Amino acid sequence: MNDLIETLLSRSARNIKPSPIREILHVIRQPGMISFAGGMPDPDIFPVAQFYEASSIIAREGKDILQYGTTEGYPPLKDFLSTWNTPKMGRKIQPDEILITTGSSQVIDLLSWALLDEGDYVVCEEPTFLGATGTMHNHGAKFLTVPCDEDGMMVDLLPDIIEKAISEGKKIKFIYTIVNFHNPLGCDLSLDRRKKLLAIAKEYGIVILEDDPYGHLRFEGEDVPSIFSMDRDGLVIFACSFSKILAPGTRVAWCAGNRDLIRKMAIFKQGIDTCTSVVAQSIVYEYCRLGHLEAFLPKIIEHYRKKRDQMEAALNTHLPLDKISWLKPKGGFFYWMTTAPGIPADKLLQRALEKKVAFVLGNAFYPTGVGGTNNFRMCFTFASPEMTETGIVRLGEAIREMI
Ligand SMILES: Cc1ncc(COP(=O)(O)O)c(C=O)c1O
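These numbers were taken from a predicted model, which means no experiment stands behind them. (Residues numbered from 1 in each chain as written. Predicted model: local features only at pLDDT ≥ 70, side-chain atom pairs only at ≥ 80, totals over all residues. Heavy atoms only, no water.)

## Brief notes about the site of the ligand
How we decide: What makes a residue near a molecule or strand is one non-hydrogen atom of that residue sitting within 4 Å of it. Throughout this description, a polar contact denotes any pair of N or O atoms lying within 3.5 Å of each other; where both atoms belong to protein, one of them has to be capable of donating a hydrogen while the other can accept it, and for residues adjacent in sequence the pair is counted only when both atoms sit in side chains. In these tables, accessible area is a Shrake-Rupley quantity obtained with a 1.4 Å probe, and a residue counts as shielded only by the protein chains included in the view.
S105, D211, Y214, S241 and S243 are the nearest of the 14 residues found near the ligand. At 2.7 Å, a side-chain N or O of S241 approaches an oxygen atom of the ligand. With respect to the ligand, the side chain of S243 contributes an N or O atom lying 2.6 Å from an oxygen atom. Across the complex, the protein chains shield 92% of the 400 Å² of accessible surface that the ligand would expose by itself.

Listed below in structure tokens is the structure:
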């Protein structure tokens, strides 16, 4: 880097970490590469015609839509969300409890602006979504991590972790949890643990960021009530997004929660992007108003269930089952794989890349940087059925070569 620029960099810029997924993007994009790496929807299922139909709103409302919008969000979309979300939220949330954001990534950023001072602590699952902890890290956050099993965060361990941190003078601001079809673990946080987590947050006066971009993509089993729906104290900020249930290119997402906190987040948003694209919000709104979202959800669930089943069959057929294990996800986008001792994930990735198969190393999802050496994450939604079959055959070969 240019010496002058280096001396001018902010402390944040010196400490900023690039995303490991973005870093290997040039590898993933090589011709012939089969990628299970990015958490991407299947472009073949994007509702292009319906979205195009919804864009006709520009002809009717163009004079409003092409103007700057309110920071809090396009009012008709907020009204839609306040009704549509009622089953998940346990009550009809009011428009002033909602903030429309530019991706739910921005919810994480805005909440970090609102709550974090340099050196404050965030409690999170380990492993967890690296985009979230990366953003929090950029705000100076430190992490208290809680291990997970097939029911999500092992919440019973949390009081001791919090007590110890408090005795060491650490300030804990919020708990970050991905409640449904966890990224990267694929598991759900059980109802019992959701209740306990809320009780702990209340006891210690900590906010919860309940991040739920995958909750609408359930292939089997019953929906588990959101933590937000059980909260009577305004401690939970609930985040959801159109990225996985419609299209990430819209960059339209939302959060709901405590009015005062939402207001503070909106003020930060004013200075960041003024408002989320009104063009995008209005087309998403029109798409929903025309009933396309309700029609699309069952279709996409069926589509992804088939992809999950195909991946599951391929894994069982082509991998040496004594050397690798996984939990079959009941929804969402991801498989979390565990390799046997002697098959470290980084060495396996090297071999896999030579065979033109990509995945994300488990270690990338550990905010402390320690752990996940025998794990990796695979996304089952993106690759075509043929690619999935071929990719898993090659992965099986790579593992056998290491035995
Ligand atoms: C758990 C989780 N939260 C948030 C996001 C961000 O989604 P977006 O900014 O596209 O809404 C993702 C994306 O992969 C995610 O997996």
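## Notes on the packing of aromatic side chains
Counted only if it meets this: The pairing test for Phe, Tyr and Trp rings, Trp by its six-membered ring, is centres within 6.5 Å, and the orientation test on the planes gives stacked under 30 degrees, edge-to-face over 60, and tilted for anything in between. A helix here means a DSSP run of H or I that spans at least four residues, while a strand means a run of E at least two residues long, and both kinds are numbered starting from the N terminus. For every residue, the accessible area (1.4 Å probe, protein chains only) is compared with the maximum for its type, and the residue is labelled buried under 20%, exposed over 50%, or partly exposed between those bounds.
For the structure shown, the criterion picks out 15 aromatic pairs. Measuring from ring centre to ring centre gives 5.5 Å for W113 and F268, while their planes differ by 20°; the resulting arrangement is stacked. Taken together, the residues W113 in helix α9 (residues 104-115) and F268 in helix α14 (residues 259-273) connect sequence positions 155 residues apart. Classification of F268 by relative accessible area gives partly exposed; the value is 31%. Ring centres 6.0 Å apart and planes at 80° place the aromatic pair W336 and F365 in the edge-to-face group. Of this pair, W336 sits in strand β11 (residues 334-339) while F365 sits in the loop between β13 (360-361) and β14 (375-379), and the two are 29 residues apart along the sequence. The residues W336 and F365 share a single accessibility class, namely buried.

## Quick notes on the pattern of salt bridges
The following threshold applies: A pairing counts as a salt bridge when a side-chain nitrogen of Lys or Arg comes within 4 Å of a carboxyl oxygen of Asp or Glu.
Applying the stated criterion to the full structure yields 25 salt bridges. With a closest N to O distance of 3.1 Å, E220 and R308 form a salt bridge. Remark: R308 occurs in helix α16 (residues 292-318) and E220 occurs in the loop between β7 (207-211) and α13 (227-230); sequence separation between them is 88 residues. Residues joined in a network through salt bridges with shared partners are R351, K355, E397 and E401.

## Description of the sheet that holds strand β10 (residues 324-326)
Selection rule: For two strands to pair, DSSP has to find at least two bridges joining them. Only heavy atoms enter the contact rule, under which two residues are in contact if any of them lie within 4.5 Å. To define axes, lines are fitted to C-alpha atoms, for helices over the stretch in contact only, and angles between the resulting N-to-C directions are given on a 0 to 180 degree scale.
Read across the sheet, four strands follow the order β10-β11-β14-β13 without closing on themselves; strand pairing throughout is antiparallel. Only two strands of the sheet have a single partner each, and these edge strands are β10 and β13. Where β13 meets β14, two bridges bridge the pair, whose relative direction is antiparallel. When the bridges of β14 are listed, V360 appears paired with R377. Set on the sheet, α16 makes contact with β10, β11 and β14; between it and β11 the angle comes to about 15°.

## Structural notes on α9
To keep things clear, this is the line we draw: Under the convention used throughout, the expected extent of a helix is 1.5 Å for every residue step, that is, one less than its residue count.
Taking 1.5 Å per residue, 12 residues should reach 16 Å; α9 reaches 17 Å between its end C-alpha atoms and fits that length. For α9, the complete set of buried residues consists of S104, Q106, V107, I108, D109, L110, L111, S112 and L115.

## Quick look at the sheet that holds strand β6 (residues 172-178)
Neighbouring strands of a sheet are bound in pairs by backbone hydrogen bonds; such pairs are parallel or else antiparallel. Spatial strand order, β2-β9-β8-β7-β6-β3-β4-β5: eight strands in an open sheet with mixed pairing. The strands lining the two open edges of the sheet, one partner per strand, are β2 (98-102) and β5 (152-153). Summarising the sheet, β2 and strand β9 (residues 252-256) pair through five bridges and their orientation is antiparallel. Its bridge partner being in β9, L99 is matched across the sheet by C255. Sheet contacts for α9: β2, β6, β7, β8 (236-241) and β9; angle to β2, the most-contacted strand, approximately 115°.

## Notes on the packing of helix α17 (residues 345-354) against helix α18 (residues 385-402)
For the record, the criterion: An angle below 35 degrees is read as roughly parallel, one above 145 as roughly antiparallel, one from 65 to 115 as roughly perpendicular, and any other as oblique. Crossings are assigned a handedness: left-handed for a near helix turned anticlockwise from the far helix by less than a right angle, right-handed for a clockwise turn. When residues are grouped by polarity, Ala, Val, Leu, Ile, Met, Phe, Trp, Tyr, Cys and Pro land in nonpolar, Asp, Glu, Lys and Arg in charged, and all others, Gly among them, in polar.
Between α17 and α18, the shortest axis-to-axis distance is 9 Å and the interhelical angle comes to 125°. In terms of orientation, α17 lies oblique with respect to α18. Handedness of the α17/α18 crossing: right-handed. Contacts from K347, L348, R351 and A352 in α17 reach L395, A398, I399, E401 and M402 in α18. Classifying every residue of the contact of α17 with α18 gives six nonpolar, no polar and three charged.

## Regarding the nonpolar core
Defined as follows: Working definition of a nonpolar core: buried Ala, Val, Leu, Ile, Met, Phe, Trp, Tyr and Cys residues. They are joined through side-chain atoms within 4.5 Å. Where a domain begins and ends is set by an automatic assignment or by a domain database.
If you look at the biggest cluster of nonpolar residues, it comprises 92 residues, and the most contacted ones within it are L77, F242 and M378. A per-element tally of this core places α16 first, with nine residues. Built from parts of two domains, this core gets at least three residues from each of domain 1 (10-47 + 295-402) and domain 2 (48-292). Setting aside chain neighbours within four positions, we find F242 in contact with L77, L81, A247, T250, V252, A253, W254, V284, C288 and L293. Listed in part, the 25 residues of the second largest apolar core include L111, Y176, I178 and A266.

## Notes on the environment of L246
Among the structural elements, L246 can be located in the loop between β8 and β9. Here the alpha-carbon distance between L246 and G73, two residues 173 residues apart in the chain, equals 18 Å. Excluding residues within four positions of it along the chain, L246 makes contact with F46, P47, F51, V284, Y287 and F296.

## Section: the pairing of strand β3 (residues 121-126)
Threshold: Classification remark: right-handed applies to a crossover when, strands pointing away from the viewer, the course from the first strand over the helix to the second runs clockwise.
Judged by how many residues are buried, β3 sits mostly within the fold: six of six residues are covered. One ladder, built from six bridges, connects β3 with strand β4 (residues 142-149); its direction is parallel. Bridge assignment links V123 to a residue of β4, and that residue is L144. Remark: the β3/helix α10 (residues 130-138)/β4 crossover connection has right-handed handedness. With four bridges joining them, β3 and β6 adopt parallel strand pairing. Across the sheet, residue V122 finds its bridge partner in β6, namely F174.

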